[in-house]
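# Summary of the model geometry
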Amino acid sequence: MIEVQGLSIQAGEFALQDVSFQVATGQYAVLMGRTGRGKTTILEAICGLRGLVSGSVLIDEVNVTEWLPGDRQVGYVPQDAVLFPTMNVRQHLEFGLQLRKAGRKVCQQKSAAMAALLGIEHLLERSVRALSGGESQRVALGRALAFEPRVLLLDEPLSALDQETRLEMQGLLRQIKEQTGVTTLHVTHNQDEADALADRVLRLDDGVVTED
Amino acid sequence: MPPEVARLMSDRRGSELPKHPRRRRSDVPFFLVSSGISALFVLLIVLLVAADVAFISPAEFAAAIAKPEIKAAFRLTLLSCTAASILSIWVATPLGYLMSRFRFPGRWIIDTIVDIPIVLPPLVLGLSLLILFHTSVGGFQLERWLTDSVGFPVTFHWPAVILAQFSVSCAFAVRTMRVTFDQIDPRAEDVARTLGCTRSQAFATVALPQAIPGMVAAFTIAWARALGEFGPILVFAGSTRMKTEVLSTSVFLELSIGELDAAVAVSLVMVAMAVAVLLALRVMGTGLNS
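As the structure is a computational prediction, the values presented were derived from the model and not from experiment.

### What about the sheet that holds strand β1 (residues 2-11) of chain A?
All names here are of chain A. The strand order across the open sheet built from four strands is β2-β1-β4-β5, with neighbouring strands paired in antiparallel fashion. Since the sheet does not close on itself, it has two edges, and those belong to β2 (14-23) and β5 (62-63), each with one partner. Here β1 runs beside strand β4 (residues 54-59); their pairing, made up of five bridges, is antiparallel. Bridge pairing in β4 places valine 4 opposite valine 57.

### Digging into the pattern of salt bridges
Residues and elements named next belong to chain B. Taken as a whole and assessed by the stated rule, the structure comprises 17 salt bridges over all chains. One salt bridge connects arginine 101 with glutamate 189, and the closest N-O pair in it is separated by 2.8 Å. Linking arginine 101 in helix α4 (residues 68-101) with glutamate 189 in helix α9 (residues 186-194), this pair joins segments that are 88 residues apart in sequence. The pair formed by arginine 101 and glutamate 189 is uniform in burial state, with each residue classed as buried. Here arginine 175 and aspartate 115 are joined by a salt bridge, their closest N and O atoms 2.7 Å apart. Residue arginine 175 is found in helix α8 (residues 158-182), and its partner aspartate 115 is found in helix α5 (residues 107-119); the two are separated by 60 residues along the sequence. A relative accessible area of 30% means that arginine 175 is categorised as partly exposed. Note on aspartate 115: relative accessible area 24%, which makes it partly exposed. Through salt bridges with shared partners, one network takes in Lys67, Arg241, Glu245 and Glu254.

### Remarks on the UniProt feature "domain: ABC transporter" (unreviewed entry) in chain A
In the UniProt entry, the feature "domain: ABC transporter" (unreviewed entry) is given for residues 1-212 of chain A. Annotated as 34% helix and 27% strand, the span residues 1-212 of chain A places its first and last C-alpha atoms 19 Å apart.

Reading the values: the criteria
- Residues numbered from 1 in each chain as written.
- Chains lettered and ligands numbered in written order.
- Predicted model: local features only at pLDDT ≥ 70, side-chain atom pairs only at ≥ 80, totals over all residues.
- Heavy atoms only, no water.
- Pairing = 2+ DSSP bridges.
- Helix = DSSP H or I, 4+ residues; strand = E, 2+ residues; numbered from the N terminus.
- Salt bridge = Lys/Arg side-chain N within 4 Å of Asp/Glu carboxyl O.
- Buried < 20%, exposed > 50% of the residue type's maximum accessible area, 1.4 Å probe, protein only.
- UniProt positions renumbered as here; feature names shortened; annotations may be inferred.

Structure (structure tokens):
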């Protein structure tokens, strides 16, 4: 479960005041709002990448507001994938597992399962430099999911993709939702994505989150 | 179409641009002038080296570099430049990273201080080192403490050579590392931190591997600077033959006793070393050659 309580964030000239919402365990919530309204900022705050003026973030009923990002067990997929240029696809999938001191066998099993789920088995030994946009997003998804995070945070994961790839990825996200049941907060400005995926739709407007 | 726009467009159609005479122009003068100016500089450098080579016969060259003093200086130069560069990288990598990634109070002061060795006249740097090690503060003198208590004399010994080289080399290495980290997307480290890394793990696993070409470049630049270092070494380390003499001071010593042949021979050795460093940079493809 993700709970955001009275979140206030100041980022340069941009400010969010007193934002509150929650996403129940196993739910797939889509947070909608126009560009530049602070959707990404909220995700970064949940990850711990952005300092808060006030408010708190709870993940599975634990207040993690003061925790380091790496201790929160969130799977974060940034908008343009942001892969690690010096690593191949397999290393991306095993990255979170190795940080959690998973053994070699566990790493291999989980990365193989993740690659199968995402349809990127043929890319495992490839460098990430030559991947297409859709492939990059799959790798970014796998990197965030492989260590079985408590929550999955998606920042406009489909916005940089062409129409066909986007539909494919929507199908994939639905499949992930069914297979893993991970609590997900998906940020987008695209109504079709919300219609296709959401259990719940939240809207961010003028710093207030409302429910559809 | 709104009426105003339609009117504007019809006006545009009515106005006629003056007819230019048809002619063919040439870009040749541009290339002639710019390559002419460029060629002057390239020619100057080539002539400098060519003059050195022409000045000395192979036999004289061989005789000069066979001298035990020169051999000792060559060895000390290789070792001290390498040591100074390794130290520079150790300091420049974290410092460059901090300067590139974080905004903190007093950052501009650090930025300025780091650049001081680059702008400081070399002799002044040497003199400052000498004074730092020999000024007594409340009965404590750094050099005396190092000599008597630690048993590690610095001034006029080989460590002074390395320290003098390091002081300048490191400033250049910091510049290079900072630019290197500026060009690496910090968001990859952010993502790594969400995946479970601490800052130091994100630095080590994500930022550092991307910075390796930059580290090679910084090492090479530091090495080349150390090779050319002369003033501070002369002042702070002296130029005792077989002890603190490096190739740059050899040139000076040979010149001062009228051994022009030997001075030129040593210069040629240094030219060869500098060219080797430049070639190494290109081969390793650090991006400095583009």
